[in-house]
Number of protein chains: 2
Amino acid sequence: MNKLTVVGIGPGNYENMTVRADEALKNCQVIVGYNVYVDLVKERYADKEFVTTPMTQETKRCQMALELAANGKTVAVVCSGDSGIYGMAALLYELRGDATAPEIEIIPGITAACSGAALLGAPLTHDFAVISLSDRLTDWTVIEKRLVSAAMADFSIVLYNPVSKGRPEHLRRACDILLRYLPEKRICGIAQHIGRDGENAKILSLMELKDAEADMFCTVFIGNSKTECIGSNMITPRGYRDV
Amino acid sequence: MNKLTVVGIGPGNYENMTVRADEALKNCQVIVGYNVYVDLVKERYADKEFVTTPMTQETKRCQMALELAANGKTVAVVCSGDSGIYGMAALLYELRGDATAPEIEIIPGITAACSGAALLGAPLTHDFAVISLSDRLTDWTVIEKRLVSAAMADFSIVLYNPVSKGRPEHLRRACDILLRYLPEKRICGIAQHIGRDGENAKILSLMELKDAEADMFCTVFIGNSKTECIGSNMITPRGYRDV
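Residues numbered from 1 in each chain as written. Chains lettered and ligands numbered in written order. Predicted model: local features only at pLDDT ≥ 70, side-chain atom pairs only at ≥ 80, totals over all residues. Heavy atoms only, no water.

**With respect to the packing of helix H6 (residues 140–152) of chain B against helix H7 (residues 170–178) of chain B**
Residues and elements named next belong to chain B.
Logical step 1: The N-to-C vectors of H6 and H7 enclose an angle of 45°; their axes lie 9 Å apart at closest approach. By the criterion of interaxial angle, the relationship of H6 to H7 is oblique. H7 is crossed by H6, and the crossing has right-handed handedness. Contacts from Trp 140, Glu 144, Leu 147, Val 148 and Ala 151 in H6 reach His 170, Arg 173, Ala 174, Ile 177 and Leu 178 in H7.
Logical step 2: The class makeup of the residues in the contact of H6 with H7 is seven nonpolar, one polar and two charged. (Axes fitted to C-alpha atoms, helices over the stretch in contact; angles between N-to-C directions. Helix = DSSP H or I, 4+ residues; strand = E, 2+ residues; numbered from the N terminus. Parallel < 35°, antiparallel > 145°, perpendicular 65-115°, else oblique. Left-handed = near helix turned anticlockwise from the far one by under 90°. Contact = heavy atoms within 4.5 Å. Nonpolar A, V, L, I, M, F, W, Y, C, P; charged D, E, K, R; others polar.)

**Things to note about the sheet that holds strand E2 (residues 30–34) of chain A**
Residues and elements named next belong to chain A.
Logical step 1: Ordered in space as E3-E2-E4-E1-E5, the five strands form an open sheet in which the pairing is parallel. This sheet does not close on itself; its edge strands, each paired only once, are strand E3 (49–53) and strand E5 (103–107). Between one strand and the next, the sheet's axes are offset by a mean angle of 20°, whatever the strand orientation.
Logical step 2: As paired strands, strand E1 (residues 3–8) and strand E4 (residues 74–79) are joined by six bridges and run parallel to one another. Bridge pairing in E4 links Leu 4 to Val 75.
Logical step 3: Its contacts with the sheet put helix H3 (residues 58–70) on E1, E2, E3 and E4, and the angle it makes with E2 is roughly 170°. (Pairing = 2+ DSSP bridges.)

**What to know about the packing of aromatic side chains**
Logical step 1: Scanning the entire structure with this criterion turns up four aromatic pairs over all chains.
Logical step 2: Ring centres of A:Tyr34 and A:Tyr37 lie 4.9 Å apart, and the angle between their planes is 85°; this geometry places the pair in the edge-to-face category.
Logical step 3: A residue is classified by how much of its surface remains accessible, and A:Tyr37, at 23% relative accessible area, is partly exposed.
Logical step 4: With centroids separated by 5.2 Å and ring planes inclined at 50°, the aromatic side chains of A:Tyr86 and A:Tyr160 adopt a geometry described as tilted. Taken together, the residues A:Tyr86 in the loop between E4 and helix H4 (89–96) and A:Tyr160 in strand E8 (residues 156–160) connect sequence positions 74 residues apart. Like A:Tyr86, the residue A:Tyr160 is buried in the burial classification.
Logical step 5: Positioned above the aromatic ring of B:Phe155 is the side chain of A:Arg146, whose terminal nitrogen or guanidinium carbon lies 5.7 Å from the ring centre. (Phe/Tyr/Trp six-rings, centres within 6.5 Å; stacked < 30°, edge-to-face > 60°. Buried < 20%, exposed > 50% of the residue type's maximum accessible area, 1.4 Å probe, protein only. Lys NZ or Arg CZ within 6 Å of the ring centre and 35° of its normal.)

**Some thoughts on the pattern of salt bridges**
Residue and element names in this part refer to chain A.
Logical step 1: Under the defined criterion, the tally for this structure stands at 30 salt bridges over all chains.
Logical step 2: For Asp 176, the salt bridge is made with Lys 210, and the minimal N-O distance between the two is 3.0 Å. Of this pair, Asp 176 sits in helix H7 (residues 170–178) while Lys 210 is found in helix H8 (residues 206–210), placing the two residues 34 residues apart along the sequence.
Logical step 3: Accessibility expressed as a relative area gives 34% for Asp 176, which makes it partly exposed.
Logical step 4: Bridged by salt links that share partners, the residues Lys 3, Arg 20 and Glu 105 form one connected network. (Salt bridge = Lys/Arg side-chain N within 4 Å of Asp/Glu carboxyl O.)

**A word on unusual backbone geometry**
Logical step 1: Between A:Ala101 and the following residue, A:Pro102, the backbone shows a cis peptide bond with an omega angle of -5°.
Logical step 2: Examined against the element boundaries, A:Pro102 turns out to sit in the loop between H4 and E5.
Logical step 3: With a phi close to 50°, B:Asn161 is a non-glycine residue in the positive phi region.

**Notes on the nonpolar core**
Logical step 1: Among the nonpolar cores identified, the biggest contains 56 residues, and A:Leu209 and B:Leu209 are the most heavily contacted of them.
Logical step 2: What A:Leu209 contacts, discounting residues up to four positions off in sequence, is A:Leu171, A:Cys175, A:Cys188, A:Ile190, A:Leu204, A:Val220 and A:Ile222. (Core = buried A, V, L, I, M, F, W, Y, C linked by side-chain atoms within 4.5 Å.)

**Things to note about the sheet that holds strand E10 (residues 200–205) of chain B**
Logical step 1: Overall, mixed pairing links the ten strands, which are arranged E10(A)-E9(A)-E11(A)-E8(A)-E7(A)-E7(B)-E8(B)-E11(B)-E9(B)-E10(B) in an open sheet. What marks the edges here is a single partner per strand, and that holds for strand E10 (200–205) of chain A together with E10 of chain B. Averaged over all pairs of adjacent strands, the angle between strand axes in this sheet comes to 15°, irrespective of strand direction.
Logical step 2: Relative to E8(A), strand E7 (residues 128–132) of chain A runs parallel, the two being bridged by five bridges.

Geometry only, nothing functional implied.
Spelled out as structure tokens, the structure:
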């Protein structure tokens, strides 16, 4: 078939996968991915061939996927969340370059901004910015500039990769920057292990967020100036009630 | 059951719905929504009761849904794309207020940022901002400030509601603002009728975008400084190739 699909599997559980993602994994011959993501789908699609690489081996992983497809296999590259947002879709196009084979199809998935927001309530009903705190591929000065701009323009903000073992202080550093522009009481939220064992959500102030425990399985939400706490939920109104 | 689910149905076709959204629509008694969105699901869930209201009747629609649930019906409120992003989830929580019944469950869906990006290639692999150009509920000065901030901080930008019958000039106005900060050749994309009849995607420069035909079924993407055209795709690299 000489075809490669890039499949956003959503947060990790079958229920949050799209029908289309499920079909693509059922119909492929080889599933390629970061080993943690492949583990999420291994049981359901147990008859497939699996090719995994550890983190930081993205280029090698995508090259292997393209080679398998070039050799006639139907290949699905799995990404957690969406296939595009901080996912592998771009890198596969980059590596294929000006060639037109293998055919590449991008299948979108539920990204953590959406699945995490749903756990917390509705923090993203108005304009928002998505920023990764990982400086492995991006200068921290760029990240800092984006944090400041988003805060000053009153975007709600979603932080991906807020901390990791190698960057334990990044969320705290980001909060210190945001606290120069935003009030200590600004409503924030953390969604952790979305769609997986241990799933939980917590609402807290920006000041509390600075010292909050977080790990690489967390997605962080910072409200805009209108975000409020209603019951146990983080809500950013769009303004329908004011019409 | 006294339960209300807010269901993001994705762009509109069954294939891009999640398993969970499908289950919620199968298991509910009443489907409530804007008539255009209800039409997208009417055939597949034909045995349900349907309650629809036209656009700009969001508060009335959500009040009806809460009343139906309070009267013991299992209700699903459908939103196109995600249930939270410019969707009805927040308004339902706002209207329920401090009450704890009916129970509200938010089911995320594929938002147009993800489904439109997948059609164009992979324009959102790095940090991005999502901005609605509708000034029905938001002052244009706020929209303008966010456009400027996002451009100056080199975010990729996704524009929702780029034009409508009542706002035919908004995309042009936004492009004029962006052109003060971004080069004319900045790579942009338009995704139209995503997941529906007439689905199409187009890549063009920011200068061309200014005069492009667009309607309320379009989602617009503006690349960041690293966005490139590879083959017929709009690609924003994350930087994996540079490691």
